[in-house]
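Descriptive structure summary
In case you want the letters, here they are:
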There are 2 protein chains.
Amino acid sequence: MLNKYDVIPLYVQLNDKLREKILNGELKEGEALPSENQLMQEYSITRTTIRRAVDELVKEGLVEKEQGKGVFVRLRQTKQNLWNFQGFTDLSLKKNQQPVTRVLKKEIITENNTVFLKLERLRGTKSNEKTTWLTIDCSFLPIDVFKGIDRFDFEAVSLYQTLRNDYQIFPHHVVLDINPIMCDDKMCERLELLSQIPLLEARGTVYSKDGMEIEKIHNIYGPHFQFKLNQYI
Amino acid sequence: MLNKYDVIPLYVQLNDKLREKILNGELKEGEALPSENQLMQEYSITRTTIRRAVDELVKEGLVEKEQGKGVFVRLRQTKQNLWNFQGFTDLSLKKNQQPVTRVLKKEIITENNTVFLKLERLRGTKSNEKTTWLTIDCSFLPIDVFKGIDRFDFEAVSLYQTLRNDYQIFPHHVVLDINPIMCDDKMCERLELLSQIPLLEARGTVYSKDGMEIEKIHNIYGPHFQFKLNQYI
DNA sequence: CAGTGGTCTAGACCACCCT
DNA sequence: GGGTGGTCTAGACCACTGT
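So, here's what we can say about the structure.

This part takes up the overall build of chain A. When helices and strands are tallied, chain A shows 7 helices and 9 strands. When contacts within chain A are restricted to residue pairs at least 6 apart in sequence, those whose partners lie at least 24 apart make up 53%.

Spelled out as structure tokens, the structure:
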């Protein structure tokens, strides 16, 4: 199963394999991973190596360890609720709300000698024919990485599902600056706010696992969006 | 030097010792840590344990490893999360700034049948006789967990260092709600702001490793505090 | 009690960096 | 070549969890 002579370390190979099983649903939310002893036998590697691979999963926020019990898939807290990156659609559906995306702008721009698709989306949830607008998401996607990405209709398909399915690119981590800003008239109108109130703004970059920049973002979070954080310190 | 029979794991003891040497200037910016072989001899522990201790320092953002060369103290990098839960004092010292803390309020209160020390602190950094106020931190510490904590002068000593040194309690993770708020007159005056601008507010709970609530917080972040986030998604 | 993860030892071989 | 960190093995003992 694992290739001892590959340049990729065994713990990375195992880490990739386990992450894949979690993300494709083979290991479901709340389920336990095979124990360290089982993994030792299954892959014929030592416990140290297995522990290293699993520790990476913990750092990635995919699993949690519980002493004396096992390692359990925990996708919910750190990933959901946080922002609308990959969990937006799933999160909405879980709450029996229908996710709604309206594309406000979609254009090719050039910045610092790089060509980007600029995609501005208004996002919200619908229940009982009433739509609550949550965020204004602005994404900049380098089109040399995502060739032909401008052909998709992002009111119909999810951006992150497209990146995964059509480009085999998986967002890994994000670096953000978070600031409070005062709502301007345009934001007010788009988010359907009655008065000018302070909002949250996030600017930053999304990276793939190997450190490649895959998306620059500039999002505005409206008052109906709960910005929750669960951080290890 | 290290106590093999202590309940505190050796790698934590070594990690603490090295962090201390970095923060108190014994190991200066850019300097190399002793090599793994040297540390093995100095502390009579194996390389695995040393590597674990050093890896924690890397995670904390205090050092960087360079293959074939060594481990170097790197305090100025801004890669890591920039808030004051890992210790405002530690963070300021890392940036070669002098932390300033003014205690605004210190009282015993009771809430939900639990007795807390309520500690409100104005915090900033001083350079060239000019103090820049960054945050207003409000902490609620359960006094049945931290007996006698009201005797400390938190203008003189760091809260987190006290928790570590006097109570052997280590913050592990934090759950936060983050909201934008409008500055009121009191905040404006305390943070020495010229006009009313939107600010960031964080409310939440800090937990120890075993899930015990060790602190409730309600912090206000002024415009000079950069709220950076580095998250796996 | 058996099974789990937590810590630690004492080695080994490797790739990388500098001289 | 000699020193550094990167990976890996094959054990050991421990604390915690559930039955």
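Now that the structure is up, let's keep going.
Before going further, it helps to examine the nonpolar core. Of all hydrophobic cores here, the largest spans 50 residues; its most connected members are Ile149(A), Ile178(A), Ile149(B) and Ile178(B). When near neighbours in sequence (up to four residues on either side) are disregarded, Ile178(B) contacts Leu200(A), Phe227(A), Leu229(A), Leu200(B), Glu201(B), Ala202(B) and Phe227(B). Of all hydrophobic cores here, the second largest spans 20 residues; its members include Leu23(B), Ala53(B), Leu62(B) and Val63(B).

The next thing to look at is the packing of aromatic side chains. All names here are of chain A. Counting across every chain of the model gives 10 aromatic pairs over all chains. Their ring planes at 45° and their centres at 5.0 Å tell us that Tyr-221 and Phe-225 sit as a pair that is tilted. On the basis of relative accessibility, which here comes to 2%, the residue Tyr-221 falls in the buried class. On the accessibility criterion, Phe-225 (12% relative accessible area) is buried. Following the ring pairs from residue to residue traces out a cluster consisting of Phe-146, Phe-152, Phe-154 and Tyr-167. It is Arg-52 that lies over the ring of Tyr-11; its NZ or CZ is 3.9 Å from the centre.

Close to DNA strand D lie 24 residues; Leu10(A), Thr46(A), Thr49(A), Arg47(B) and Arg51(B) are nearest. Among all atoms of DNA strand D positioned within 4 Å of the protein, those belonging to sugar or phosphate total 68%. Here a base nitrogen of DNA strand D and a side-chain polar atom of Gln67(A) are 3.3 Å apart. Between Ser35(B) and DNA strand D, the recorded distance is 3.2 Å, taken from a side-chain N or O atom to a phosphate oxygen. Considering each element in turn, the surface near DNA strand D owes the most residues, 4 residues, to helix H3 (residues 47–60) of chain A. A class-by-class count of the residues in the surface near DNA strand D yields 5 nonpolar, 10 polar and 9 charged.

Glancing now at the packing of helix H2 (residues 36–43) of chain B against helix H3 (residues 47–60) of chain B. Residues and elements named next belong to chain B. It is at 9 Å that the axes of H2 and H3 come closest, and there the two elements cross at 110°. By the angle between their axes, H2 is roughly perpendicular relative to H3. Relative to H3, the crossing made by H2 is right-handed. Between H2 and H3, the contacting residues are Glu-36, Leu-39 and Met-40 on the first element and Arg-47, Ile-50 and Arg-51 on the second. Class assignment for the residues of the contact of H2 with H3 results in 3 nonpolar, no polar and 3 charged.

All names here are of chain A. Relative to the assigned elements, Val-63 resides in strand E1 (residues 63–66). For the pair Val-63 and Val-73, spaced 10 residues apart in the sequence, the C-alpha separation amounts to 4.4 Å. Leaving out residues up to four positions away in the same chain, Val-63 has contacts with Ile-22, Leu-33, Val-54, Leu-57, Val-58, Val-71, Phe-72, Val-73 and Arg-74.

Residue and element names in this part refer to chain A. According to the stated counting rule, one finds 22 salt bridges over all chains in the structure shown. The shortest N-O distance in the salt bridge between Glu-36 and Arg-47 comes to 2.7 Å. Of this pair, Glu-36 sits in helix H2 (residues 36–43) while Arg-47 sits in helix H3, placing them 11 residues apart in sequence. Residue classification places Arg-47 among the partly exposed residues on the basis of a relative accessible area of 43%. Between Glu-36 and Arg-51 there is a salt bridge whose closest N-O contact spans 3.0 Å. Here Arg-51 lies in helix H3 and Glu-36 lies in helix H2, a separation of 15 residues in the sequence. The exposure class of Glu-36 is buried, given its relative accessible area of 19%. Residues joined in a network through salt bridges with shared partners are Glu-36, Arg-47 and Arg-51.

Turning our eyes to something else, we now look at H2(A). Residue and element names in this part refer to chain A. Within H2, burial applies to Glu-36, Leu-39 and Tyr-43. The buried side chains of H2 occupy one side of the element, clustering within an arc of 60° when seen end-on. Residues Asn-37 and Gln-41 are exposed on H2 and point more than 90 degrees away from its buried face. On the buried face of H2, the contacting elements are helix H1 (10–23), H3 and E1. Positioned one or two residues after H2, Ser-44 has a phi angle of 55°, which is positive.

Moving on, we come to the environment of Phe154(A). Residue and element names in this part refer to chain A. By the element assignment, Phe-154 lies in the loop between strand E5 (130–142) and helix H6 (159–167). The class for Phe-154 is buried, based on a relative accessible area of 2%. Note: C-alpha distance between Phe-154 and Thr-101 (53 residues apart in sequence) is 7.7 Å.

A word on the protein's contact with DNA strand C. In the vicinity of DNA strand C, 24 residues are found, and the nearest of them are Glu36(A), Arg47(A), Leu10(B), Thr46(B) and Thr49(B). Counting only the atoms of DNA strand C within 4 Å of the protein, the fraction contributed by sugar and phosphate is 68%. Contacts to DNA strand C include Arg47(A), whose side-chain N or O atom sits 2.6 Å from a base nitrogen. With respect to DNA strand C, the side chain of Thr46(B) contributes an N or O atom lying 2.7 Å from a phosphate oxygen. Contributing elements (two or more residues each) for the surface near DNA strand C: H2, H3, E1 and strand E2 (70–73) of chain A together with helix H1 (10–23) and H3 of chain B. When residues of the surface near DNA strand C are assigned to their parent elements, the largest contribution, 4 residues, is made by H3(B).

Conventions used here
- Residues numbered from 1 in each chain as written.
- Chains lettered and ligands numbered in written order.
- Predicted model: local features only at pLDDT ≥ 70, side-chain atom pairs only at ≥ 80, totals over all residues.
- Heavy atoms only, no water.
- Helix = DSSP H or I, 4+ residues; strand = E, 2+ residues; numbered from the N terminus.
- Contact = heavy atoms within 4.5 Å.
- Core = buried A, V, L, I, M, F, W, Y, C linked by side-chain atoms within 4.5 Å.
- Buried < 20%, exposed > 50% of the residue type's maximum accessible area, 1.4 Å probe, protein only.
- Phe/Tyr/Trp six-rings, centres within 6.5 Å; stacked < 30°, edge-to-face > 60°.
- Lys NZ or Arg CZ within 6 Å of the ring centre and 35° of its normal.
- Near = heavy atom within 4 Å.
- Polar contact = N/O pair within 3.5 Å; in protein donor to acceptor, adjacent residues only side chain to side chain.
- Nonpolar A, V, L, I, M, F, W, Y, C, P; charged D, E, K, R; others polar.
- Axes fitted to C-alpha atoms, helices over the stretch in contact; angles between N-to-C directions.
- Parallel < 35°, antiparallel > 145°, perpendicular 65-115°, else oblique.
- Left-handed = near helix turned anticlockwise from the far one by under 90°.
- Salt bridge = Lys/Arg side-chain N within 4 Å of Asp/Glu carboxyl O.
- Arc of directions from axis to C-beta.

Just distances and angles here, no functional claims.
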